[in-house]
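Each chain, letter by letter, is given below.
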Amino acid sequence: MVHTSLDKITSLQKNPANIRNLCILAHVDHGKTTLADCLVASNGIISSRLAGKLRYLDSREDEQIRGITMKSSAISLHYREGDEDYLLNLIDSPGHVDFSSEVSTAVRLCDGAIVVVDAVEGVCPQTQVVLRQAWLENIRPVLVINKIDRLILELKLTPQEAYGHLQKILEQVNAVTGSLFTSKVLEEQAEKTKEEEGSETQTEDQVYDWSAGLEEADDSHLYFSPDQGNVVFASAIDGWGLSIQHFAHIYSQKMGINAGVLLKTLWGDFYLNAKAKKIMKGAQAKGKKPVFVQLVLDNIWSLYDAVVTRRDKEKVEKVVASLGVKVTARDSRHSDPKVLLSAICSQWLPVSHAVLSMVCRKLPSPLDIAAERVEKLMSVGVRRFDTLPERTQELKNAFLQCSSNENAPVIVFVSKMFAVDTTALPQNRQKPLTQEEIAQRREVARKRHAERMAASGPQDQQDKSLHGRPEEPSKDETETGVLEESTPGEAEEKRETFIAFARVYSGVVKKGQRIFILGPKYDPAQGLTMLPEGCSASDGLPEVPHLSCCSIENVYLLMGRELEEQGEVPSGNVLGIKGLEEFVLKSATLSTSPACPPFTPLNFEASPIVRVAIEPKHPSEMPKLVRGMRLLNQADPCAEVLIQETGEHVLVTAGEVHLQRCLDDLKDRFAKIEISASKPIIPFRETVVRPPKVDMVNEDLGKQQKVAIIHQQVKEEGSHGFSSETLHVDTSGLVTLTTPNKLATVSVRAIPLPPEVSRLLEDSSALIRTLEQVNMSLKEGRNVDISVRTLEAIADLKAQLGSMLQGRKWRNAVDYIWAFGPRRCGPNILLNNVEGYQRPSLWQCLCREDKSGELEAQARLIRELDNSIVSGFQLATLSGPMCEEPLMGVCFSIERWDIQSSKFPNQHNSAEEIATSGDALGASKAPENTDASAQSQGKCRQEASSADRYGPVSGQLIAAMKEACRHAFQAQPQRLMAAMYTCEIMATADVLGRVYGVLGKREGRVLHEEMKEGTDMFIIKAVLPVAESFGFADEIRKRTSGLASPQLVFSHWEVISSDPYWVPTTEEEYLHFGEKADSTNQALKYMNAVRRRKGLFVEEKIVEHAEKQRTLSKNK
Ligand SMILES: Nc1nc2c(ncn2[C@@H]2O[C@H](COP(=O)(O)OP(=O)(O)OP(=O)(O)O)[C@@H](O)[C@H]2O)c(=O)[nH]1
Ligand SMILES: [Mg+2]
């Protein structure tokens, strides 16, 4: 194959109709990079002999060593189909869950995707995830069923069995697509009904038909089917791939059957009736070979049989001759039959041809971008597209036209930043010197040398010859001259250059161009009013929030490991941009028009969960570490870097493999120092549960005893912080606390939320955050336009909460929700059970009618210190009393809130007054009398004057509320919650036992186990605590000799059933667990580990019975 020149690609870039931006998506190890190799080889970039072995797009060393892709990378390829030339911007993505954020960054820039599925493993968890991601971004997929060779050589299926197997895989994939489609249609339908409902007020009861719309919606184009031309069967490693179209073409000529008929019948329940020369239906019923088996699979099977299994030379020669392919003597003599096989296959059915022609026919060009997708990209958060400024809405046409005109606005999206070695940039790359240049340089060097000789005296010359230095100047002396100019420090600073991985949606991006960078919070409406009409990024402009300008230093063509410099890149292409390093952290939108809105943020499927603290080996290298971590943060879409209050530098990653890669990157590239990382910091949650009914040895707990225990605990713990005169806990767990200035009193009770409620809240956190934003704006008197979809989602959340919170305890609870926490969107609820306090509902945005007047009146109803209560609740839920981890699934119900706002101190007191206030405090010591209103007026005044001894009232109330919540929490049975991973392990029967062994040792639980049809593999689905997961994947791999390799995905939080504060109280328990009873208490172990890490007090006896131990060891 010929190598495509840069000029050719540059010219192809100008014709968007023939551009395809696509990515390869799949579960880990299904052969994406191998397939990409074959496509790359078709352009002559690598030799076809090496295709599949080189994994060219895995350019990092650790990717090659581990054999998995970690970063997505792009390459531009040229393909000729008929007389059309196509440009394919191909992005290879990783399949490992830890790197799923890289998939998100790739999918955003594409219009289509090749979904690869392993013919043996079928649809795996990540396959479903990537199909969903493609769906969410509205990009069109095509399917490649890869590794068909494994069906022949490994599973030893007959062609007929293989056909059945392939059919099942197709069904599986289509089932996933089908469920995505159904949910979308139903959602749209609901939205439509809602809009209609909004426009015409109907009073009658409406009947909803939940399947309405499904029948009408046309979904045939969505499914994968070989006769639709969107499926290719392949073996990337052997270099072949086939589509039905290809065979239909061949056989229509050979057998004289109409190509159209063949196309329809090659896949499906049809058979060939040789006598009648007809294709008939009902192969299965009549026990006949389907056409696909007879015409396609049989041929391939016999080729494998002749070349690999039987090594039948004669037969091979016959086949080679009949196929008309050429085989070199070297290939046919090779000891590995696979070499011969791939030499034959890659000429007979080249996989690159099958895949690329499908891509060009089936995937959309940048010109076909759907209006729906553009609107989705342009409307951020709760804003509706039609509420954007007019000029912004006009930009939609720019997307649709994808024009490279001079006056088309430039719109670019940067989906990630990646670091390259500065020396690897094209301008710094050493070009091979021509003969002339070498001669020229030598001449220059000789002259310089002669001058130097002349300048230094004869003495010097003698010295040099004494030291045996060569007279002739060495070659590198001449060539390193350029490098010497920069100081070594600077060179080190600039070792890494960040390149933006981006796509142009409109206009032409040029080197040196000035452009606006739109931050995620940029509001075009605000920008347009603040900036002068028709301004550009090169003018001196007033400062606008979240908007900055910069110059594009350079634009590059991305060619896998290499970058090629380009002067400009027209619309519709994927490119690399240099010069944004200072302005863009991870992703951004660039435009020449300030009317352009920032794109919606990327959909990340996995959230970072594994955290470690990092420090340099030598403390003096701290600044280097800090700089390195900053670079790492920029270079990875998903890693987070933060500095904790304790001063620790913490790195948060998606999983163990990701963590390892980040640490390696930090060590070798970004910080270049020795670092030490702590053990992974495992997150926990704290919660309360209903009082247990049985004790640890399964005996009924009497009511008396339970109360006694609770009392004992509260007494112990209530003693620090607040004096008992301001704190009261009653037997039902109601905690009453008064602020130190005695002006406010709150009574709080902690109630466990049903588990499904906390799960719902956890899953809806983004929605709750939106709700919170809306409420904030309403409070400030601003009106917001919320999309119908968001409103509906909020109403749905409310309805679900209502149906889950059933029972006497929760009557009308949903309407009285005051806030969620922590961070105002967490899985805990603050409930307003204060008699007579009516604050505006949390769900106020759901009342549709315009009643801004009413809202204002309501706003006045809010008590002045309402916010302090909420803040106290937020603080309490952010870190609980067990080990300062966030709370989950706790409802704090405020049952009383007395406040004397009229007596707030508003002036500073003299020293004398403070002195008298001491007496006042002493006088009001009666512990029960916490309500300040019961005090006499005189006393109150004195107390009020003492108030500022404790700081402002709002602050005191926050602290009191927080403390009250903590005590209320402790008054209930407390539990720790552990983060759980789910994993799906595929293993053969003979290693199954060992897999179970490892799972059991690590407290994993098997959810279900099934046999994969048509194979001897078992699929085990299990859950495993994150705390026990480190090294799990490695251990499984080792114990099963690499046959099973699990992928861990964060799934949910689970209550650890044991009580960390439990001590044996009954005789049986003493007998069973011993006095200390610490051997089996997993929850206590976790809790203490966290406390120790955070430097909190840990109640532990380290050495008991020291005497005995000593005697024991002596006696030995
Ligand atoms: N038998 C067989 N093996 C294949 C085929 N294609 C790829 N492989 C092997 O499968 C393994 C994984 O291939 P990769 O191309 O690295 O898989 P990937 O999908 O890029 O993996 P990640 O990027 O880590 O998700 C390699 O050992 C390949 O040699 C195939 O067609 N047949
Ligand atoms: Mg790969």
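Residues numbered from 1 in each chain as written. Chains lettered and ligands numbered in written order. Predicted model: local features only at pLDDT ≥ 70, side-chain atom pairs only at ≥ 80, totals over all residues. Heavy atoms only, no water.

A. Just the overall build of the protein chain, in detail. In terms of regular secondary structure, the protein chain is built from 38 helices and 34 strands. Looking at the protein chain residue by residue over its 1116 residues, the buried ones come to 50%. When the accessible surface of the protein chain is totalled, it reaches about 54,600 Å², and 51% of it is carbon and sulfur. (Helix = DSSP H or I, 4+ residues; strand = E, 2+ residues; numbered from the N terminus. Buried < 20%, exposed > 50% of the residue type's maximum accessible area, 1.4 Å probe, protein only. Areas by Shrake-Rupley, 256 points an atom, 1.4 Å probe, with all protein chains shown as cover.)

B. Representation of the coordination of the magnesium ion (ligand 2) in the model. Taken together, Thr33 (OG1) and Thr69 (OG1) make up the protein donors of the magnesium ion (ligand 2), found 1.8 to 1.9 Å from the metal. Of this pair, threonine 33 sits in helix α2 (residues 32–41) while threonine 69 sits in the loop between α3 (61–66) and β2 (73–81), and the two are 36 residues apart along the sequence. Summarising the burial analysis for this pair, threonine 33 and threonine 69 share the class buried. (Donors = N, O, S within 2.8 Å, 3.2 Å for Na, K, Ca; no water.)

C. The pairing of strand β15 (residues 554–559), seen in detail. Summarising burial for β15: six of the six residues are buried, a large majority. Here β15 shows two buried faces, one formed by Asn554, Tyr556 and Leu558 and the other by Val555, Leu557 and Met559. Here five bridges tie β15 to strand β16 (residues 562–566), and the two strands are oriented antiparallel to one another. If you follow tyrosine 556 over to β16, its bridge partner there is glutamate 565. Linking two consecutive strands that pair antiparallel, namely β15 and β16, is a turn of two residues; a positive phi of about 65° is found at glycine 560 within it. (Pairing = 2+ DSSP bridges.)

D. Representation of a positive patch on the surface in the model. Side chains of Arg690, Lys693, Arg808, Lys809 and Arg811 sit close together on the surface and give a patch of like positive charge. Tracing the sequence through the fold places arginine 811 in the loop between α28 (788–804) and β28 (817–821). (Patch = residues over 30% accessible without salt bridge, like charges linked within 9 Å, V, L, I, M, F, W, Y side chains within 5 Å. Salt bridge = Lys/Arg side-chain N within 4 Å of Asp/Glu carboxyl O. Lys, Arg positive; Asp, Glu negative; His and termini not counted. Charge placed at Lys NZ, Arg CZ, Asp CG, Glu CD.)

E. Spotlight on the sheet that holds strand β22 (residues 649–653). Reading across the sheet, the four strands line up as β21-β22-β20-β23 and stay open at both edges, with antiparallel pairing between neighbours. Whereas interior strands pair on both sides, the edge strands pair on one side only; in this sheet they are β21 (640–643) and β23 (675–677). Neighbour to neighbour, the strand axes of the sheet diverge by 30° on average, direction disregarded. Bridge count for strand β20 (residues 610–616) against β22 is five bridges, and the pairing is antiparallel. Following the sheet pairing, valine 612 is matched in β22 by leucine 651. Against the sheet, helix α23 (residues 622–635) makes contact with β20, β21, β22 and β23, and its axis sits at roughly 25° relative to β22, the strand it touches most. With respect to the sheet, helix α24 (residues 656–670) is in contact with β20, β22 and β23, its orientation differing from that of β22 by roughly 135°. (Axes fitted to C-alpha atoms, helices over the stretch in contact; angles between N-to-C directions. Contact = heavy atoms within 4.5 Å.)

F. Region of the structure containing the packing of aromatic side chains. Within the structure shown, the criterion is met by 19 aromatic pairs. With a centroid separation of 6.5 Å and 80° between ring planes, the pair formed by phenylalanine 247 and tryptophan 348 is classed as edge-to-face. Placement of the pair is phenylalanine 247 in helix α8 (residues 244–255) and tryptophan 348 in helix α14 (residues 337–348), with a sequence separation of 101 residues. Classification of phenylalanine 247 as buried rests on a relative accessible area of 2%. With a relative accessible area of 16%, tryptophan 348 lands in the buried category. On the basis of an interplanar angle of 80° and a centroid distance of 6.1 Å, the ring pair of phenylalanine 873 and phenylalanine 892 is categorised as edge-to-face. Here phenylalanine 873 is found in helix α30 (residues 866–878), whereas its partner phenylalanine 892 is found in strand β30 (residues 890–899), with 19 residues between them in sequence. (Phe/Tyr/Trp six-rings, centres within 6.5 Å; stacked < 30°, edge-to-face > 60°.)

G. Expanded view of the packing of helix α27 (residues 765–779) against α28. Where α27 contacts α28, the two axes come as close as 10 Å, and the packing angle between them is 110°. On the basis of their axis angle, the class for α27 and α28 is roughly perpendicular. Taking contact as the criterion, the partners of Leu767, Ile768, Thr770 and Leu771 in α27 are, on α28, Thr790, Ala793, Ile794 and Leu797. A per-class count over the contact of α27 with α28 returns six nonpolar, two polar and no charged. (Parallel < 35°, antiparallel > 145°, perpendicular 65-115°, else oblique. Nonpolar A, V, L, I, M, F, W, Y, C, P; charged D, E, K, R; others polar.)

H. Representation of the environment of alanine 371 within the structure. Turning to its location among the elements, alanine 371 is positioned in helix α16 (residues 371–378). Overall, alanine 371 belongs to the partly exposed group, its relative accessible area being 31%. Alanine 371 sits 25 residues away from lysine 396 along the chain, and the two C-alpha atoms are 7.7 Å apart. Excluding anything up to four places from it in sequence, alanine 371 contacts Lys396 and Leu400.

I. Representation of the site of ligand 1 within the structure. Around ligand 1, the surrounding shell holds 19 residues, and the nearest of these are Lys32, Thr33, Thr34, Thr69 and Asp149. One of the side-chain N or O atoms of threonine 69 is found 2.5 Å from an oxygen atom in ligand 1. The contact in question runs from an oxygen atom of ligand 1 to an N or O atom on the backbone of isoleucine 237, over 3.2 Å. Starting from 640 Å² of accessible surface for ligand 1 in isolation, the protein chains cover 85%. In terms of residue count, the dominant contributor to the shell around ligand 1 is α2 (three residues). Residues that form the shell around ligand 1 fall into these classes: four nonpolar, nine polar and six charged. (Near = heavy atom within 4 Å. Polar contact = N/O pair within 3.5 Å; in protein donor to acceptor, adjacent residues only side chain to side chain.)

J. View of the nonpolar core. Counting 108 residues, the largest nonpolar core has Leu580, Leu651, Leu830, Phe892 and Trp897 as its most contacted members. Aside from chain neighbours lying at most four places away, what touches leucine 651 is Val610, Arg611, Val612, Ile614, Met629, Leu632, Ala639, Glu640, Val641, Leu659, Cys662 and Leu663. Counting 57 residues, the second-largest nonpolar core is a separate cluster that includes Phe233, Ala248, Leu272 and Ile279. (Core = buried A, V, L, I, M, F, W, Y, C linked by side-chain atoms within 4.5 Å.)

K. Quick look at the pattern of salt bridges. Across all of its chains, the model carries 40 salt bridges by this definition. As a salt-bridge pair, aspartate 312 and arginine 310 come within 3.5 Å of each other at their nearest N and O atoms. What makes aspartate 312 partly exposed here is its relative accessible area of 25%. On the basis of relative accessibility, which here comes to 47%, the residue arginine 310 falls in the partly exposed class. The closest approach of N and O atoms between arginine 669 and glutamate 496, which form a salt bridge, is 2.9 Å. With arginine 669 in helix α24 and glutamate 496 in strand β11 (residues 496–506), this pair connects stretches of sequence that are 173 residues apart.

L. Region of the structure containing the sheet that holds strand β27 (residues 744–752). Taken in spatial order, the six strands of this open sheet run β25-β26-β27-β30-β29-β28, and their pairing is mixed. The open sheet is flanked by β25 (727–729) and β28, the only strands paired with a single partner. Within this sheet the neighbouring strands show an average axis-to-axis angle of 20°, counted without direction.

M. Local environment of the confidence of the model for the protein chain. On average, the protein chain scores 80 in pLDDT, and the residues at 70 or more come to 80%. Throughout residues 906–947 the model reports pLDDT below 50, and contacts reaching past four residues in sequence, or to other chains, amount to 45 contacts. (pLDDT = per-residue confidence, 0-100.)

N. Here's a closer look at the packing of α16 against helix α17 (residues 390–401). At their nearest, the axes of α16 and α17 sit 10 Å apart, and the two run at 130° to each other. In this view, α16 runs oblique relative to α17, as classed from their interaxial angle. The two elements α16 and α17 meet at a crossing, and its hand is right-handed. Only Thr392, Leu395, Lys396, Phe399 and Leu400 of α17 make contact with α16, whose side of the interface consists of Ala371, Val374, Glu375 and Met378. A breakdown of the residues in the contact of α16 with α17 according to their chemical character gives six nonpolar, one polar and two charged. (Left-handed = near helix turned anticlockwise from the far one by under 90°.)

O. Structural detail: α23. Counted at 1.5 Å a residue, the expected span for α23 with its 14 residues is 20 Å, and the 20 Å between its end C-alpha atoms agrees. Taken together, the buried positions of α23 are occupied by Leu625, Gly628, Met629, Leu631, Leu632, Asn633, Gln634 and Ala635. (Expected span 1.5 Å × (residues − 1).)

P. Structural detail: the environment of leucine 976. Within the secondary structure, leucine 976 sits in strand β31 (residues 974–988). Sequence spacing of leucine 976 and alanine 1083 is 107 residues, and the spatial spacing of their C-alpha atoms is 6.4 Å. Excluding its chain neighbours within four sequence positions, the residues that come into contact with leucine 976 are Phe684, Arg685, Glu686, Met882, Cys883, Glu1054, Val1055, Ile1056, Ala1083, Tyr1086 and Met1087.

Q. Just the pairing of β30, in detail. The sheet contact formed by β27 and β30 spans nine bridges and is antiparallel. Pairing of proline 752 across the sheet is with valine 890, part of β30. Summarising the sheet, strand β29 (residues 828–832) and β30 pair through four bridges and their orientation is parallel. Bridge assignment links leucine 831 to a residue of β30, and that residue is serine 893.

R. The arrangement of α24 in detail. Between its first and last C-alpha, α24 extends 20 Å over 15 residues, near the 21 Å set by a 1.5 Å rise per residue. Residues of α24 that are buried: Val657, His658, Leu659, Arg661, Cys662, Leu663, Asp665, Leu666 and Phe670. Two residues or fewer past α24, lysine 672 is found with a positive phi of approximately 55°.

S. Here's a closer look at the side chain of histidine 1052. In this fold, histidine 1052 is placed in strand β34 (residues 1047–1055). Separated by 2.8 Å, the side chains of histidine 1052 and glutamate 1054 make a polar contact. Setting aside its immediate chain neighbours within four residues, histidine 1052 contacts Ala978, Ala979, Met980 and Val1023.

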